[in-house]
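The primary structure of each chain is shown beneath.
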Amino acid sequence: MREDTDAKLKNIRRSQTIGTHQNRSERDAYASHYEDRLAQLNAVDHRLAFGRLDLDDETTRYIGRIGLATEEHERLLIDWRAPEAGTFYQATAFDRQNVRRRRHLMLEKRNVVGIEDDVLDSTMLDTEDNLHGEGALLAALNRKRTGRMGDIVATIQAEQDKIIRADLPGVRVVQGGPGTGKTAVALHRAAYLLYTFRERLNKAGVLVVGPSASFMWYIERVLPSLGETGVVMTSLASLYPGLRAVPENDPQVARLKGDLRMVRAIKRAVKDREKRIKEPTRLTVDSTELMLTPKMVDYAREKARSTGKPHNEARETFVKILIRDLGQQLNEKLDEAAGRQVDRPHIEDDVRESMDVRRALNLAWMPISPETLLRSLFSKREYLDSALREFTDAERDLLVRPASAPFTEADVPLLDEAAELLGDFGKITGAAAAARAAAEHKANLENARKALENVHYELEDFGVDGVITAEQIAFYNETGAQRMTAAQAAKSDRTWAYGHVVVDEAQELSPMQWRLLFRRCPMKSFTIVGDIAQASSAAASHSWQDALEPFVGERFELDTLSVNYRTPAQISDAAVAVAQAAGQDVSAPRAVREGECPPFLIHVESEDLISTVVDKVTEEVRFAAGGLIGVIAAPEKFAQVANAVARAHRDKTGTSQTALENQILVLTPWEAKGLEFDVVIIVEPNDLVRAANGSIGDLYVSMTRPTQRLYLIGAEEFPSGLES
């Protein structure tokens, strides 16, 4: 299939682009399809098939990552998302669903390395061809970590499958403690929805949002391995197109910027740029003196605001009215000087070209970008005091910063809010070019739609999952433009409306971040996963009800995952004990494995702390035999720890700022969220608590990252719950 698809793609690329735009659109529709299909066939090659069902009617189904059929339409492999594959995950001995035996095929690439049978029909128990080993789930759990998240398509459990296959509409919250597979469920649900509702989602797309760049790097291969390559995946810091924000280091500043009071503050900040004048202003146009009065400005200001358009677009009305009024004033003065009335058709152009007029109108109503608005808001106290009048003086003091300061993660929703109120800055700075581009894109889109009428049914005959959209192939015909996928177009367009949004580690989001995300999906179709007990952000909510009530009220479904697949019981029990000793109400999901050993508590003198950490890393490099080691340190000691570990293991060590694809990763608690390691070493546990303003959340999360062993190394007394 790959060779055949590749040959067809090469043939299309060799063909000459002749004829009308519609001819080119038909050619590009085929090329787009073959490129996407080839990417899919290459992405799913590893562990292509993973299951087999032997049914009561003596037929056999093979389950895999995508559906495959022969040219004669004989089904070789059933896509794991298809309804017929659901029994692979749902059938039990009490509810067989016509399944006699479920066979797990454990593969490395195309090599079968293990087979595990679940016999559901008791009459088959005595047959000799049943194969039993370690168990597919336990084999997957005990496998060494690679630093990249793997899919769980072969070992999805029944409670997870129920959530994955839930219907598309509405807001679905998946609550689960550490290790319950929340992230895996969310990603597999995204793949399932794209398969089941492809016609609805292929055009609008699916957005997956995670807490950090390291987390997005960790999960980025999962969806391609499931045959989905068109999903937009981004961290909270990159939700505003063209911006890669830095962390907000001050938790109190993050809390203030995440407060919904900022909605009114940004609105006032925009209104403050629509200024009145206190007294008449003299303007010179071609040596003629004109007068711009407060009454003229107030009238134009009110008319512009009454349009309901964003600031930069409403400015056109403001300028048009004042240019007209000043033009009339100029015409009257020139007629008076000439002693008669003269027709002057270009008089408004003369007014518009006057430097005095341009300066005065810009001072009264300046076109402004979201970035400029936010920089001036936080760097100029008069703007800050005016816009944030609902905040106290002490709160405003915390928000003051230099105009040159980089934008932070907490600024992202504020920039988005400002962009919504300001409108398109390009309409002021490049209106003509934008109009030409829009007209050209509209023509290409119409040609693409006509082309699809001719090729759609032919593509379906090839067994294509879904269809190519007119928007996708229109990008081929953009003059001088590089081809852009729908996912790339969505990621670069702040106003793109997604068909579904997946939010991971959602317990950390501030109200302003939630507001941004709900703006991205007007249909309010969400999969939200997280654990309220793990929240460490100062802006986080205390319950899902608190987080979602401003946006959907009580209209959300809550599912709970109850089994910890990652963390051994001895370690997860210790993490729960620490959280509960600090007064934190945490869920305690049942662990699948007991584990070989409890957490190791190593107390050292302060001068020996870093060297002890390095020694323990060295020991585990030998003992873990290639397993992934995570060293987690609070920000104040992060650089010191990272440098020391890197000196000892230069070729094996990485950070989120350098190389993540290493055996040893040194991370902050925030960067470690959602990740998992064979071994975790926590440096000075109390530092993690202090850095989170006394919250135990970061320490609790860090303690639940390992799949095998956990070390806590510190010079201070360990937090309550650890030594008891």
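Cut-offs used in this document
Residues numbered from 1 in each chain as written. Predicted model: local features only at pLDDT ≥ 70, side-chain atom pairs only at ≥ 80, totals over all residues. Heavy atoms only, no water. Helix = DSSP H or I, 4+ residues; strand = E, 2+ residues; numbered from the N terminus. Buried < 20%, exposed > 50% of the residue type's maximum accessible area, 1.4 Å probe, protein only. Contact = heavy atoms within 4.5 Å. Areas by Shrake-Rupley, 256 points an atom, 1.4 Å probe, with all protein chains shown as cover. Pairing = 2+ DSSP bridges. Salt bridge = Lys/Arg side-chain N within 4 Å of Asp/Glu carboxyl O. Core = buried A, V, L, I, M, F, W, Y, C linked by side-chain atoms within 4.5 Å. Axes fitted to C-alpha atoms, helices over the stretch in contact; angles between N-to-C directions. Phe/Tyr/Trp six-rings, centres within 6.5 Å; stacked < 30°, edge-to-face > 60°. UniProt positions renumbered as here; feature names shortened; annotations may be inferred.

## Thoughts on the overall build of the chain
Move 1: The helix and strand inventory of the chain stands at 31 helices and 22 strands.
Move 2: Evaluated residue by residue, the chain yields a buried proportion of 54% over its 724 residues.
Move 3: When contacts within the chain are restricted to residue pairs at least 6 apart in sequence, those whose partners lie at least 24 apart make up 72%.
Move 4: Summed over all atoms, the accessible surface of the chain reaches about 33000 Å², with 49% contributed by carbon and sulfur.

## Some details on the pairing of strand S4 (residues 75-79)
Move 1: Looking at chain direction, strand S2 (residues 60-64) and S4 are connected through 2 bridges and run parallel. If you follow Gly64 over to S4, its bridge partner there is Asp79.
Move 2: Both strand S3 (residues 68-69) and S4 contribute to a ladder of 2 bridges, which runs antiparallel. When the sheet's bridge partners are listed, Leu68 is paired in S4 with Leu77.
Move 3: From the end of S3 to the start of S4, which pair antiparallel, there are 5 residues, and His73 there has a positive phi angle of about 70 degrees.

## Regarding the pattern of salt bridges
Move 1: Scanning the entire structure with this criterion turns up 44 salt bridges.
Move 2: Residue Asp117 pairs with Arg103 through a salt bridge whose shortest N-O separation is 2.7 Å. Of this pair, Asp117 sits in strand S6 (residues 111-119) while Arg103 sits in strand S5 (residues 99-108), placing them 14 residues apart in sequence. When sorted by exposure, Asp117 lands in the same class as Arg103, which is buried.
Move 3: With a shortest N-O distance of 3.9 Å, Arg519 and Glu420 are connected by a salt bridge. Taken together, the positions of Arg519 in helix H24 (residues 511-520) and Glu420 in helix H19 (residues 412-422) put the pair 99 residues apart, joining distant regions of the chain.
Move 4: Salt bridges here are not isolated pairs; linked through shared partners, they connect Asp416, Glu417, Glu420, Arg494, Arg515, Arg519 and Arg520.

## Describing the sheet that holds strand S1 (residues 49-55)
Move 1: With mixed pairing, the 6 strands of this open sheet are ordered in space as S3-S4-S2-S1-S5-S6. The sheet terminates laterally at S3 and S6, the two strands that pair on one side only.

## Thoughts on helix H11 (residues 261-271)
Move 1: The buried count for H11 comes to 8 of 11 residues, which makes it a mostly enclosed element.
Move 2: Inspection of H11 places Arg261, Met262, Val263, Ala265, Ile266, Arg268, Ala269 and Val270 among the buried residues, and these make up the whole buried set.

## A word on the nonpolar core
Move 1: Counting 70 residues, the largest nonpolar core has Trp80, Val208, Leu699 and Met703 as the members making the most contacts within it.
Move 2: For this core, the element with the most residues is helix H6 (residues 182-196), which contributes 8 residues.
Move 3: The residues contacting Val208, other than those within four sequence positions of it, are Leu187, Met216, Ile219, Leu223, Val231, Val232, Met233, Thr234 and Val502.
Move 4: Within the second largest apolar cluster, 60 residues are counted, among which are Leu256, Ala418, Ile532 and Phe551.

## A word on H19
Move 1: With 9 of 11 residues buried, H19 is to be regarded as a mostly interior element.
Move 2: Tucked into the core, H19 has its buried residues touching helix H10 (251-257), H11, helix H13 (311-338), helix H16 (370-379) and H24.
Move 3: Backbone geometry just after H19 places Gly423 at a positive phi near 80 degrees.

## Some remarks on the sheet that holds strand S8 (residues 206-210)
Move 1: Sheet architecture is open: 6 strands sit in the order S9-S8-S12-S13-S7-S14, paired in parallel fashion. Each of the sheet's edge strands pairs with one partner strand only, and the pair in question is strand S9 (232-235) and strand S14 (556-561). The average undirected angle you get between the axes of adjacent strands in this sheet is 15 degrees.
Move 2: The sheet contact formed by strand S7 (residues 171-176) and S14 spans 6 bridges and is parallel. Counterpart to Val174 in the pairing with S14 is Asp559.

## Describing the packing of aromatic side chains
Move 1: The final tally for this structure, using the stated rule, is 7 aromatic pairs.
Move 2: With 6.2 Å between their ring centres and 40 degrees between their planes, Trp514 and Phe518 make a pair best called tilted. Of this pair, Trp514 and Phe518 both sit in helix H24, 4 residues apart, roughly one helical turn. For the pair Trp514 and Phe518, a shared accessibility class is recorded, and that class is buried.

## Overview of the UniProt feature "binding site: ATP" (unreviewed entry) in the chain
Move 1: Those places that UniProt annotates as "binding site: ATP" (unreviewed entry) correspond, in this numbering, to Gly176, Gly177, Pro178, Gly179, Thr180, Gly181, Lys182 and Thr183.
Move 2: Summarising the element assignment, Gly176 is placed in strand S7.
Move 3: For Gly176, a relative accessible area of 1% gives the class buried.
Move 4: Not counting residues up to four positions away in its chain, the partners in contact with Gly176 are Lys182, Gly530, Asp531, Gln534 and Leu561.
Move 5: Assessed through its relative accessible area of 8%, Lys182 is described here as buried.
Move 6: Contact partners of Lys182, with chain neighbours within four places excluded, come to Val174, Gln175, Gly176, Gly177, Val529, Gly530, Asp531, Gln534 and Leu561.

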